[in-house]
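Structural description and commentary
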Amino acid sequence: MRPGIHPVSRPVVFRDRASGFHLLTRTTIDTRQTVEWADGITYPVVDVETSSASHPFYTGNARVVDTAGRVRRFERRYGRTTAARV
């Protein structure tokens, strides 16, 4: 690798504001906010809106879409359609 062209990677804490989840990892993101980690060291912190701890796909809290009801409502409104002939 050529010296001087790569960004500096440093440990940063990602904090999910919705669930309170914290993750310490390395990244090139630069931030001015800091937080004290469990080991007593102060790290830069990046606040995120969604993480695996609060995203509906990962938590299993996703909305169930009533597709059968939607199909019935469509058929009631526009009538039942036949499959296209090939």
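Residues numbered from 1 in each chain as written. Predicted model: local features only at pLDDT ≥ 70, side-chain atom pairs only at ≥ 80, totals over all residues. Heavy atoms only, no water.

1. Describing the side chain of R15
Position of R15 among the secondary structure elements: in strand β1 (residues 10-16). Discounting residues that sit within four places of it in the chain, R15 has contacts with F21, H22, Q33, V35, V45, V46, D47 and V48. (Helix = DSSP H or I, 4+ residues; strand = E, 2+ residues; numbered from the N terminus. Contact = heavy atoms within 4.5 Å.)

2. Details of the pattern of salt bridges
The final tally for this structure, using the stated rule, is two salt bridges. For D47, the salt bridge is made with R15, and the minimal N-O distance between the two is 2.7 Å. Taken together, the positions of D47 in strand β4 (residues 42-48) and R15 in strand β1 put the pair 32 residues apart, joining distant regions of the chain. When its relative accessible area of 32% is taken as the criterion, D47 is described as partly exposed. Looking at R15, the relative accessible area reads 18%, which means it is buried. (Salt bridge = Lys/Arg side-chain N within 4 Å of Asp/Glu carboxyl O. Buried < 20%, exposed > 50% of the residue type's maximum accessible area, 1.4 Å probe, protein only.)

3. So, the packing of aromatic side chains
Using the criterion set out here, one finds one aromatic pair in the structure. Between F74 and Y78, the ring centres sit 5.0 Å apart and the planes meet at 50 degrees, which makes this aromatic pair tilted. Here F74 and its partner Y78 are both found in helix α2 (residues 67-78), four residues apart, which amounts to about one turn of the helix. (Phe/Tyr/Trp six-rings, centres within 6.5 Å; stacked < 30°, edge-to-face > 60°.)

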